[in-house]
Structures are given as structure tokens and as C-alpha cells.
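Fold and contact review
The lines below spell out each chain.
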Amino acid sequence: MNGYGGNILRVNLTTGGITREATPPELARDYLGGRGFGIYFLLKEVPRGADPLGPENKLIVSPGPLSGMLAAGGGKCDWTCKAPLTGGYASASMGGHFTAELKYAGLDSIILEGVSSKPVYVFIDDKKSELRDAAEYWGQGAVDVEKELKDKFGEEFQIAVIGPAGEKAVSFAHINHDFGRQAGRGGVGAVMGSKNVKAIVVRGTRSVPVADLDAYRKAGMALYKACKEAEGLKEWTSYGTTIVVSWCDEAGALPTRNFSAGSFEDAKTLYGPYMREKIVVTDKGCFGCPCPCGKYSKVKKYNAYAEGPEYETIGLLGSNVGISDIEAVAYANLLCDNLGIDTISAGNVIGWAMECYEKGILTKQDTGGLDLKFGNIDATFKLIEMIAKKEGLGALLADGVKKASQKIGKGSEKFAIQVKGMEQSGYATHNATSMLLAYMTCDVGAHHNRAWAITYDIQVGREKVVPEKVARVIWLQNFRPMFDVLGACRLQWVELGIDRELYIPLLESITGIKRSWEDLEKVGERIWNLTRLYWVRENADFGRAWDMPPARFYTEAPTSGTTKGQITKFEDVNRLLDMYYEQRGWDSNGLPIPETMEKLGIKQEMVA
Ligand code: SF4
């Protein structure tokens, strides 16, 4: 099948059986790949009500038709499962080189199912696939184990590996790869750990069939040429996502002290150019990327090397916890990577705990003696370790900020910055209604990458609540996640302004099927609705209340920074949702109506 590896690898960890099934052509036609395959298998194979950490949950990793191909940024794969963090849908995108090797090993998905009776890793070398004993790696750091496995098997093998946090089922444990790329959000690492799988090691040497080789070369090179000639290439490659730090600080969007403000008075030492000069030693990219945004840093103060930090980590483990020392942020990043926890959720829950401490809700007795004031670097390092090991206060925080605040109470739920149980990522949304709506309605919880709408707020007026803003969020949600379906990075389009039409002939030359962006957006809309229906299926009370934003954004205006005194009104939150549901074709409780399902070709039995 053109553009595909041609096989689904099913790994039954309970029996130890591994089988290869041919990828059904209609699956590729209707769902394309990546997170499309993920939601298909999740709905079809994981029974309603499955325990996210039990044997019935499955972990599905899928490249897409552009993965591993002559496609600028074709280095992404998707990890889907039922999320331990939220009890709903998890889909985490991972860059690096893993996805290309999956494709060259002839794979369009790996489905991990059941539970192994002992720690194992999955070893794949082309057609050979087997489970191997991982006892010697269990308990070790993700970065450390990746190095050991690279030394053992060689550079050609790509490795996805969990840290101790995944083994201990921390609800926001991630999967690490390429010494600093992650499938980060929702607790995908905890699901891998719950199955007693430490790592997946893969190498492939086969080529992928394409429909029209000449057209493929031409379309692939046209995309590279556009990236190389893009005006913003030099700046993007120099700073990557860290270039956004100063912009967010000035726009009042930089999460500061548990999102109580959007500007940080000491942010200048977190800005991209400062970081580049101070700690960056080289740039690092994913497979086939012409504009490497990854930064590799030497952290002298802590005698370490670390990938990053990138924007989200700077926002959450820097300003959000009151830290302005870029070396400390980079080291906190490395700790999280090696221990195996998502830096976004980690910085968010630690920010919440610091606010609890400063307000007297948590005391030194609760923190195990830590002086958990904002800006305390050593306490931040220690708490990261405690979360990963589920020790003391760390055990409470390991369940995520929603559950932690419900347990602690005393009003702390009001400043738990989460939606659907997922900690909000790096944009403060006190008065940025598009971005707020994007977080409220995101299909995994409060994550930014489905609809990065903050610039649109600035462009059209941040406080405005108008149908155009809602339409923009919906368009982004249908369109941007298609990159996760195709297995490619979206940043060439977002940051370099590459014409998205360049992807169309490329996709056609690979798969032999002509699809316009309009066609692809329809696939995106269908997947969006399927993921919504997954939440409905798994949560009896799912509805409007699940889409409400953190109370902070409609009850407390920042007292400093460029958004000082600004707030979104509660009635505007509801107006946003009313308009959103109407434009989506959902009822007033946020559930897709039968006509919408019919229009999108979704049958009741698919989501039963
Ligand atoms: Fe990877 Fe960054 Fe390149 Fe995207 S822009 S493919 S995330 S290195």
C-alpha cells in the first residue's frame, strides 16, 4: 500500500504473542494514519469503562503517511490510549527518529495490549519482533536507559523508553526518546509502565512504496526549498520555540506563579537570545527537519547536558514556579526527562503546590520540610523527584492537579489550572478568549497544540467574544491535528509560514490519492467528533461542565504585568461555549447531535 508500512504489529504482553496483521486499506483511506489510527483502535478495541492502568487499555503508536518520507518535518508519530490523567482520550505526538524506523520496519501501528508478568522491552528489527527481559533496566532513568540500549544495539536503533515515573504509574508520566523528545501528555508513559514495558527498540531497513516517484521527488524538494527560503528560518533555527518567551511576556501570556499573572518581572534571563548565549551548544532536529528547533544545552552549574528547554518548559518550570535562572530550568527539564514526567504538568502542579504553601494551605509538615516558596530552585528539584517516586507530597501531586486540589480542598480547586483533569500548558488566558476556548474544548484537556489561537486574540482584540473567534478555533482544531494524522510536524507551517498547499501534491505522490485541504479538514472534523464521543462513552456525566475553564481566569485579574486588571467575564465563558457548540453541531450540553454524526459518517455502533 503506497505510503504505508503495510502492517499492524500486535503485541500481547499477557501471552507474549506477537502478530503482524496487514493494514486494512479502508483504515488508511478513512483515517489516514497517526492519531486517526489511534482513535480507530481505541474505540474499537478498548472496552467501555476500561481501567487506564489495567490490562484492557491499549497503547497504540502510529506513524502517518508522511512519516519517514522526503517530507520536511516527517518525524512525528502519535501515541494513543485511555488517559490515566483524565479518564478520557490521550493522544501525544512525539518527534525524533522513532517514527521513521517504525515505517522502515513495515509498521503503521504497534498495539501494546495486556500486561506482562515481568519487565520487558519490545525489540523490533525489521520483520523480527520479540519481547526481551528488561529487569536490568527497571528503575533506571529514561535518558540513561536509552544510552545503554544505544550502546548495546547501535545508533541505527531508535528507542522509546519510560523512566521510574512510568513504572510507578505517575498520571502524567511520559515516554522519552532521542534524549529529550517526548510523547508528553496525558500519562501515556504510565500506561506503558502499567504493562511492564520499559522500552520499544526498533530498526527498519525496508523502503516504503510510493505512487509516483518523480512527482514525489519534485513535491518533497519543493517543500524543503520553501523551508530553506523562508524569511524566518534563521531566527527559528537559532532559538526554536524559545523565541516565544519574550513575546508571551509582553503579551501577558507567560504563565507566572501558578498562572496568577501573564508577565514575569525576571523573565529576561529566560528569553531565547539570553538562553542561546548562556547555555546552548548546538541545534538538534527531528528526522528530515530542515529547521531544527531543538536546542542542546550545557548546564555548567549542574555539570550536565540537557535537551532544551523549549518554550513550554521555560514557562512552566521557569516563570510559573517563579524561577528565572535558565540553568536551573534546563536542569529541571533534564530531571523530568530522566525520571519520566511531563514538564508541563510537573511545572503546573508544582506551581499550584507553591501557591498552596504561600497561602498556608500546605505547611512544612505537608511538604516534608521543603520551604516551597515560589522561586525555590532546590525545592523544585526535590519535588520533581518526589513526584516521580510518589514520595510524601509527591504522591499527592502525582495524581495531577485536579485530584490533588480535590483532596486538599480549602479553596485550592479555584487555582488548580486544568481542564478535564489535564494541567494547562504554557499560555495564561486571563483575557484571551480564543485561546481560552481552545483550552476549554481541546480533545485531551488543557493543551495548546490543537489550536494555538493566542496570536489571533492579539490580532482581533483579545477580549472580543464573536463568532469569528469561535470559527477560527474550530478551523484550527480540524486542521492542525491533521499533521498528527499525517505524521508530520506542523511548525514549518506555523513558524515559517510555509504554504500548506505544498503538502497536497506530496501526499498525492506518496499515496496515489488526491486530497485537498478541504478533504483533509473533513477527516479532521470527523476525528474531532469521534474523540468527543469517546469522552462521552467513558464518562456518564460528560458534558458542558467538563469544558469549563479554571476559575482563576474568570474570577481573578492579574495584579501585575501587561494584563493587569484584565479578566474574562463568566457570562462570556458561557457565550463562547454556546457559539462553539452551535458551530460544531452539538447540543447545548456539548454532545454531537445525530444529524452531525450522520453528516460525518459516524455510526452509533462505532462509539457504543
Ligand atoms: Fe522537530 Fe522542531 Fe523540526 Fe518540528 S521544527 S520537526 S519539532 S526539530
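Worth saying up front: this structure is predicted, and the values here are computed from it rather than measured.

1. Some points on the overall build of the protein
- Within the protein, the regular secondary structure consists of 27 helices and 17 strands.
- The buried share among the 608 residues of the protein stands at 66%.
- For the protein, the share of sequence-separated contacts (at least 6 apart) that also reach a separation of at least 24 residues comes to 70%.
- Put simply, the protein shows about 20400 Å² of open surface, and 50% of that area lies on carbon and sulfur atoms.
- Side-chain charges of the protein comprise 72 positive and 76 negative groups, with the mean position of each set lying 1 Å from the other.

2. Digging into the domain arrangement of the protein
- Under the domain assignment, the protein is made up of domain 1 (7-203), domain 2 (238-423) and domain 3 (433-497 + 516-606).
- The C-alpha-based centres of domain 1 and domain 2 are spaced at 26 Å.
- Counting from both sides, the interface comprises 39 residues of domain 1 and, opposite them, 34 residues of domain 2.
- Both sides of the domain 1 and domain 2 interface together cover about 2600 Å² of buried area, and 55% of this is carbon and sulfur.
- The largest contributions to the domain 1 side of the interface with domain 2 come from Phe172, Arg181 and Arg185, which together make up 28% of the buried area.
- Across the pair aspartate 342 and arginine 185 runs a salt bridge whose closest N-O atoms are separated by 3.0 Å.
- At the junction of domain 1 and domain 2, the tally comes to 19 residue pairs in polar contact (both at pLDDT 80 or more).

3. Regarding the packing of aromatic side chains
- Under the defined criterion, the tally for this structure stands at 32 aromatic pairs.
- With centroids separated by 5.3 Å and ring planes inclined at 80 degrees, the aromatic side chains of tyrosine 302 and phenylalanine 381 adopt a geometry described as edge-to-face. Note that tyrosine 302 is positioned in the loop between strand S14 (294-299) and strand S15 (304-307) and phenylalanine 381 in helix H15 (residues 377-389), a separation of 79 residues in sequence.
- Consider the rings of tyrosine 581 and tryptophan 586, whose centres lie 6.2 Å apart with planes at 35 degrees: the pair is tilted.
- Looking at tyrosine 581, the relative accessible area reads 2%, which means it is buried.
- Aromatic rings pair up to connect Trp475, Phe479, Phe483, Trp493, Tyr503 and Trp517 into one cluster.

4. As for the sheet that holds S14
- Spatially, S13-S14-S15 is the arrangement adopted by the three strands of the open sheet, whose pairing is antiparallel. Looking along the sheet, the strands with just one partner apiece sit at the ends: strand S13 (280-284) and S15. This sheet shows a mean twist of 20 degrees between the axes of neighbouring strands, independent of strand direction.
- Two elements, S14 and S15, share four bridges in a ladder whose sense is antiparallel. Counted as the bridge partner of lysine 298 is tyrosine 305 from S15.

5. What about the pattern of salt bridges?
- Within this structure, the stated rule accounts for 40 salt bridges.
- One salt bridge in this structure joins arginine 490 and aspartate 484, with 2.7 Å as the shortest N-O distance. Side by side, arginine 490 and aspartate 484 carry an identical accessibility label, which is buried.
- Between arginine 552 and glutamate 556 there is a salt bridge, with its nearest N and O atoms 3.2 Å apart.

6. Thoughts on the sheet that holds strand S12 (residues 197-203)
- The sheet built from six strands is open, its strands ordered S8-S7-S12-S9-S10-S11 with mixed pairing. With partners counted over all chains shown, the strands left at the sheet margins are strand S8 (128-133) and strand S11 (181-183), one partner each. Going from strand to strand, the sheet's axes swing by 20 degrees on average, the running direction of each strand aside.
- Relative to S12, strand S9 (residues 158-161) runs antiparallel, the two sharing four bridges. Residue pairing in the sheet places valine 161 in a bridge with alanine 199 of S12.

7. Quick notes on the environment of tryptophan 452
- Here tryptophan 452 lies in the loop between helix H18 (433-441) and helix H19 (454-460).
- Distance in space between the C-alpha atoms of tryptophan 452 and tyrosine 427 is 9.5 Å, their sequence separation being 25 residues.
- Excluding residues within four positions of it along the chain, tryptophan 452 makes contact with Val244, Tyr427, Met435, Leu476, Arg480 and Val494.
- A polar contact is formed between the side chain of tryptophan 452 and the side chain of tyrosine 427, at a distance of 3.0 Å.

8. Some points on the site of the ligand
- Close contacts around the ligand come from Gly73, Lys76, Arg181, Trp236, Gly285, Cys286, Cys289, Cys291, Pro292, Cys293, Cys489 and Gln492, and that covers them all.
- For the shell around the ligand, the class distribution of residues is seven nonpolar, three polar and two charged.
- The residue makeup of the shell around the ligand includes at least three contributed by each of domain 1 (7-203) and domain 2 (238-423).

9. A closer look at unusual backbone geometry
- For the peptide bond that leads from glycine 308 to proline 309, omega is 0 degrees, which places it in the cis range.
- Within the secondary structure layout, proline 309 lies in the loop between S15 and helix H11 (311-317).
- Positioned with a positive phi, aspartate 178 is a non-glycine residue whose angle comes to about 60 degrees.
- Summarising the element assignment, aspartate 178 is placed in the loop between strand S10 (175-177) and S11.
- Overall, aspartate 178 belongs to the buried group, its relative accessible area being 10%.
- Its identity is not glycine, yet asparagine 303 carries a phi of approximately 50 degrees, on the positive side.

10. Side note on the environment of glycine 315
- In this fold, glycine 315 is placed in helix H11.
- Of the residues examined, glycine 315 reaches a relative accessible area of 0% and is grouped as buried.
- Between the C-alpha atoms of glycine 315 and asparagine 348, which are 33 residues apart in sequence, the distance is 9.5 Å.
- Setting aside residues up to four positions removed in sequence, glycine 315 forms contacts with Leu254, Pro255 and Asn320.

Conventions used here
Residue numbers run consecutively from 1 along every chain, following the written order of its sequence. Predicted model: local features are reported for residues with pLDDT of at least 70 only, side-chain atom pairs are reported and counted for 80 or more only, and whole-chain, interface and lining totals are derived from all residues. As a convention, hydrogens and water are excluded, and side-chain values are obtained from all of the structure's heavy atoms. We count a stretch as a helix when DSSP gives it H or I for four or more residues in a row; a strand needs E for two or more, and each element gets its number in order from the N terminus. The buried label applies to any residue whose accessible area, calculated with a 1.4 Å probe on protein chains only, is under 20% of its type's maximum; exposed applies above 50%, and partly exposed to all values in between. Here a residue-residue contact requires only that any non-hydrogen atoms of the pair lie within 4.5 Å. Each accessible area is a Shrake-Rupley estimate made with a 1.4 Å probe; only the visible protein chains count as cover when residues are assessed. For the purpose of counting charges, residues Lys and Arg are taken to be positive, whereas Asp and Glu are taken to be negative. His and the chain ends are not included. Here the site of a charge means atom NZ of a Lys, CZ of an Arg, CG of an Asp or CD of a Glu. Note that the domain bounds were set by an automatic or database domain assignment. In short, buried area is how much 1.4 Å probe accessible area vanishes from two parts on joining, totalled over both. Counted as salt bridges are all cases of a side-chain nitrogen of Lys or Arg within 4 Å of a carboxyl oxygen of Asp or Glu. Between N or O atoms, a polar contact is any pair within 3.5 Å; within protein, one atom must be a potential hydrogen donor and the other a potential acceptor, and residues adjacent in sequence are included only when both atoms are from side chains. Ring pairs are drawn from Phe, Tyr and Trp, using the six-membered ring of Trp, whenever the two centres fall within 6.5 Å, and their geometry is named by plane angle: stacked under 30 degrees, edge-to-face over 60, tilted for the rest. We call two strands paired when DSSP finds no fewer than two bridges between them. Orientation is described by lines fitted to C-alpha atoms, with helices fitted over the stretch in contact, and by angles between N-to-C directions that extend from 0 to 180 degrees. Being near a molecule or strand, for a residue, comes down to having at least one heavy atom within 4 Å of it. Polar here means any residue other than Ala, Val, Leu, Ile, Met, Phe, Trp, Tyr, Cys and Pro, which are nonpolar, and Asp, Glu, Lys and Arg, which are charged; Gly is therefore polar.

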